[in-house]
Amino acid sequence: MKTNSKIITSPMCEITCFEQEKVARIKAELLKEEILLPRLAERYKLLGNTTRLKILLALAQGELCVCDIAHVLGLTMAATSHQLKLLRDQGWLAMRNDGKMVYYRLRSDDLLKALKDDGRLLRERLA
């Protein structure tokens, strides 16, 4: 049995390096970010979860207790608490205790603005 399979490769230059100064400058700029890039990737990984995005958008409406967040998302208290801890550890949420109740709120308006801007861009692309 013969199959017609083709190997698809990305286009590549035929020469080693054409713009050496540009390449060197860009490499130097990327090297400056070497410490930040893994941390940025970790943040994007946390934002790559629909449940955590929903939590952030829900908290954009105002402070909520854990049980209210769980009801909004249809999750158990344990699952909700786990997701809240991940977001709080990232420094995105503030927490306060009021007796037996635990309340969360967004700590950063910048994060909310970035999420809304990304959502707007995505809606525009899908329209």
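Structure shown above.
Attention in this report is confined to the structure presented alongside it. (Residues numbered from 1 in each chain as written. Predicted model: local features only at pLDDT ≥ 70, side-chain atom pairs only at ≥ 80, totals over all residues. Heavy atoms only, no water.)

1. So, the pattern of salt bridges
Right, on to step 1. A complete count under the given rule lists 7 salt bridges for this structure.
Right, on to step 2. Among the ionic pairs, K32 bridges to E29, the shortest N-O distance being 3.1 Å. Placement of the pair is K32 and E29 together in helix α1 (residues 20-32), with a separation of 3 residues, close to one helical turn.
Right, on to step 3. A salt bridge links R96 to E63; the nearest nitrogen and oxygen atoms lie 2.8 Å apart. Of this pair, R96 sits in strand β2 (residues 93-98) while E63 sits in the loop between α3 (50-59) and β1 (64-65), and the two are 33 residues apart along the sequence.
Right, on to step 4. Of the residues examined, R96 reaches a relative accessible area of 33% and is grouped as partly exposed.
Right, on to step 5. The network of salt bridges with shared partners includes E63, R96 and D98. (Salt bridge = Lys/Arg side-chain N within 4 Å of Asp/Glu carboxyl O. Helix = DSSP H or I, 4+ residues; strand = E, 2+ residues; numbered from the N terminus. Buried < 20%, exposed > 50% of the residue type's maximum accessible area, 1.4 Å probe, protein only.)

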